[in-house]
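Each chain is listed here by its residues.
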Amino acid sequence: MAARAAPAGRRGALRRPLLTERAQEALTAYAFLAPFLFGLVVFFAYAFVRTVYFSFTRYDLFHPPQWVGLDNYLAIFQEPRFLTALANSLTFAAVVTTAQTVFALMLALVLNQKLKGITFFRAAYYMPSVTSSIVITLIFIWLFQRTGVMNYLLTLAATYWQMLLAFLALTALVQAALVIAERRRHLPASVLEPSLLVVAMMVAAAATAGLAAAGVVRAFPRQEPVIITWLNTRRRFPDWGAPIPLEAIMMLNTWTTAPTFMLLYLAGLQDIPRELYEAASVDGATPWQQFRHITVPQLRHVSFLVVTLGLIGTLQMFDQVAIIGDQAPLESVITLAYYVYNNVFPGGALPRIGAASAGAVILAVLTLVVVLIQRKVVER
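Remember, it's a predicted structure, so these values are computed and weren't measured experimentally.

Conventions used here
Residues numbered from 1 in each chain as written. Predicted model: local features only at pLDDT ≥ 70, side-chain atom pairs only at ≥ 80, totals over all residues. Heavy atoms only, no water. Helix = DSSP H or I, 4+ residues; strand = E, 2+ residues; numbered from the N terminus. Rg over C-alpha atoms; globule rule 2.2 N^0.38 Å. Buried < 20%, exposed > 50% of the residue type's maximum accessible area, 1.4 Å probe, protein only. Contact = heavy atoms within 4.5 Å. Areas by Shrake-Rupley, 256 points an atom, 1.4 Å probe, with all protein chains shown as cover. Lys, Arg positive; Asp, Glu negative; His and termini not counted. Charge placed at Lys NZ, Arg CZ, Asp CG, Glu CD. Phe/Tyr/Trp six-rings, centres within 6.5 Å; stacked < 30°, edge-to-face > 60°. UniProt positions renumbered as here; feature names shortened; annotations may be inferred. Salt bridge = Lys/Arg side-chain N within 4 Å of Asp/Glu carboxyl O. Core = buried A, V, L, I, M, F, W, Y, C linked by side-chain atoms within 4.5 Å. Polar contact = N/O pair within 3.5 Å; in protein donor to acceptor, adjacent residues only side chain to side chain. Patch = residues over 30% accessible without salt bridge, like charges linked within 9 Å, V, L, I, M, F, W, Y side chains within 5 Å. Arc of directions from axis to C-beta.

Examining the overall build of the chain
Link 1 in the chain: Of the regular secondary structure elements, the chain holds 17 helices and two strands.
Link 2 in the chain: At 30 Å, the chain has a C-alpha radius of gyration far larger than the 21 Å of a compact globule built from 380 residues.
Link 3 in the chain: Considered along the principal axes of its C-alpha atoms, the chain spans approximately 115 × 70 × 35 Å.
Link 4 in the chain: Evaluated residue by residue, the chain yields a buried proportion of 32% over its 380 residues.
Link 5 in the chain: Across the chain, every contact between residues at least 6 apart in sequence was considered, and the portion connecting residues at least 24 apart equals 70%.
Link 6 in the chain: Summed over its atoms, the accessible surface of the chain is roughly 24200 Å², and 68% of this surface lies on carbon and sulfur atoms.
Link 7 in the chain: Positive and negative side-chain charges of the chain, numbering 28 and 18 respectively, have mean locations separated by a distance of 8 Å.

Here's what the structure looks like:
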């Protein structure tokens, strides 16, 4: 019987799999992750290590690197262009991250309403985010030329400012009267009720035309059009603020990135239980109190994601500055990312790989520190 049992044991051993089920699952997972891990190791980890190494060397791509220790870090902190780039990057990140977060939240609140054609408006507001950054920047350059659309609109505003003010004032008055009338009839009407606003604008336009015909308000034709140099200038507005060309890029970047974050806020708003608002209404909470004590706390995790992505993106701002290029003085628009690029491809001079690598390492450390600080603030 012992001689018969031995072959059966060997057949069982032959059928036993070489890898356990858990090992097979792990191997499958690593096989799917392999392309991503390969890209991460080659294009991030290896590149980062090489960048850190080059930051301690003097290297111009044509001669072997020479170890110089901390000289590159000490040198760039004495370089005015690097300090300007650092200040511009920090200003850009603070202003644009704040503006795009607030703008995205406002857009999401508006587009979360049950209005006719809301799908169209959601798609229309998202269009800047899916449009090519290069195309938008070229249009932006055209708008902000000395004889561009922005200066043309300012010329019109300077010519017809009395009529414009009269139209806005009459629109506000008629809108307020219509809202009060609706509420006295016990009908729900928000302050900016779209249907009432259209009626108010039509009435205000007719009334403004009547005032103009009667000579109460009039135009002030200008001998010279308004000429504001938006791009090719080093002026700051205000004097302690950012350069005007950088402010123009801030407006452009806010306009193109806010719709993406608007989608995140919109998804977060639709996850907030309606029962919270209904209970707050029963308790007599105003819309502002509901926004402050329900909406903002419920969107806390979304706000953390939006601010984090915004800080990372704005600190690494490069493409729109590069496309504007010679349209503006370099000192007025340079950021840390563009400083790195400008040292690698200086144009007519030897590359300064060591200085560029030091700037890149400082940018990475700065991004990490800012995000960690923001995380600590949110966790409180």
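Section: the packing of aromatic side chains
Link 1 in the chain: Inspection of the entire model under this criterion finds 16 aromatic pairs.
Link 2 in the chain: Look at Phe82 and Tyr339: their rings are 5.3 Å apart centre to centre, the planes differ by 65 degrees, and that puts the pair in the edge-to-face class. Taken as a pair, Phe82 in helix 4 (residues 80–111) and Tyr339 in helix 16 (residues 336–344) lie far apart in primary sequence, 257 residues in all.
Link 3 in the chain: By relative accessible area, which is 0% here, Phe82 ends up buried.
Link 4 in the chain: Judged by centre distance (4.6 Å) and plane angle (45 degrees), the ring pair of Phe140 and Phe144 falls under tilted.
Link 5 in the chain: On the accessibility criterion, Phe140 (4% relative accessible area) is buried.
Link 6 in the chain: The exposure class of Phe144 is buried, given its relative accessible area of 7%.

Examining the UniProt feature "transmembrane region" (unreviewed entry) in the chain
Link 1 in the chain: Mapped onto the present numbering, the UniProt feature "transmembrane region" (unreviewed entry) falls on residues 26–49, 90–111, 123–144, 164–182, 194–220, 240–266, 299–318 and 353–373.
Link 2 in the chain: With 85% helix and 0% strand, residues 240–266 has end C-alpha atoms that lie 36 Å from one another.

A look at unusual backbone geometry
Link 1 in the chain: That bond from Phe237 to Pro238 is cis: its omega, -15 degrees, falls within 30 degrees of zero.
Link 2 in the chain: If you trace the backbone, Pro238 turns up in the loop between helix 9 (194–213) and helix 10 (244–271).
Link 3 in the chain: Its identity as a non-glycine residue notwithstanding, Leu61 has a phi of 75 degrees, on the positive side.
Link 4 in the chain: Checked against the element boundaries, Leu61 lands in the loop between strand 1 (57–58) and strand 2 (66–67).

Quick word on the pattern of salt bridges
Link 1 in the chain: Evaluation of the coordinates by the stated rule reveals four salt bridges.
Link 2 in the chain: Notably, a salt bridge pairs Glu331 with Arg81, separated by 3.6 Å at the nearest N-O pair. In this pair, Glu331 is assigned in helix 15 (residues 330–333) and Arg81 in helix 4, connecting sequence segments 250 residues apart.
Link 3 in the chain: Taking relative accessible area as the criterion, Glu331 reaches 33% and is therefore assigned partly exposed.
Link 4 in the chain: Between Arg234 and Glu331 there is a salt bridge, and its shortest N-O distance comes to 3.6 Å. Residue Arg234 is found in the loop between helix 9 and helix 10, and its partner Glu331 is found in helix 15; the two are separated by 97 residues along the sequence.
Link 5 in the chain: By relative accessible area, which is 59% here, Arg234 ends up exposed.

Thoughts on the nonpolar core
Link 1 in the chain: Ranked by internal contacts, the top residues of the largest apolar core, which has 38 residues, are Ile76, Phe92, Phe140, Ile249, Leu336 and Tyr339.
Link 2 in the chain: With sequence-adjacent residues up to four places away left out, Ile76 is seen in contact with Phe82, Tyr339, Ala355, Ala358, Gly359 and Ile362.
Link 3 in the chain: Membership of the second largest hydrophobic core comes to 18 residues, among which are Ala108, Ile118, Ile272 and Tyr277.

A short note on the side chain of Thr229
Link 1 in the chain: Summarising the element assignment, Thr229 is placed in the loop between helix 9 and helix 10.
Link 2 in the chain: Within the structure, the side chain of Thr229 is placed 3.0 Å from the side chain of Arg146, a separation counted as a polar contact.
Link 3 in the chain: Ignoring any residue separated from it by four or fewer positions in sequence, one finds Thr229 in contact with Arg146, Arg235 and Ile244.

Points about a nonpolar patch on the surface
Link 1 in the chain: Taken together, Tyr30, Leu33, Phe36, Leu37, Phe38, Leu40, Val41, Val42, Phe43 and Phe44 make up a surface patch of nonpolar side chains, about 1000 Å² in accessible area.
Link 2 in the chain: Secondary-structure assignment places Val41 in helix 2 (residues 21–54).
Link 3 in the chain: Judged by relative accessible area, Val41 falls into the partly exposed class, the value being 48%.

A look at helix 6 (residues 133–143)
Link 1 in the chain: Every buried residue of helix 6 is listed here: Ile136, Thr137, Phe140 and Ile141. The buried side chains of helix 6 occupy one side of the element, clustering within an arc of 140 degrees when seen end-on.
Link 2 in the chain: In this structure, the buried side of helix 6 is in contact with helix 5 (118–130), helix 10 and helix 14 (319–324).
Link 3 in the chain: The backbone nitrogen of Ile134 lies 3.3 Å from a side-chain oxygen of the residue at the head of helix 6, namely Ser132.

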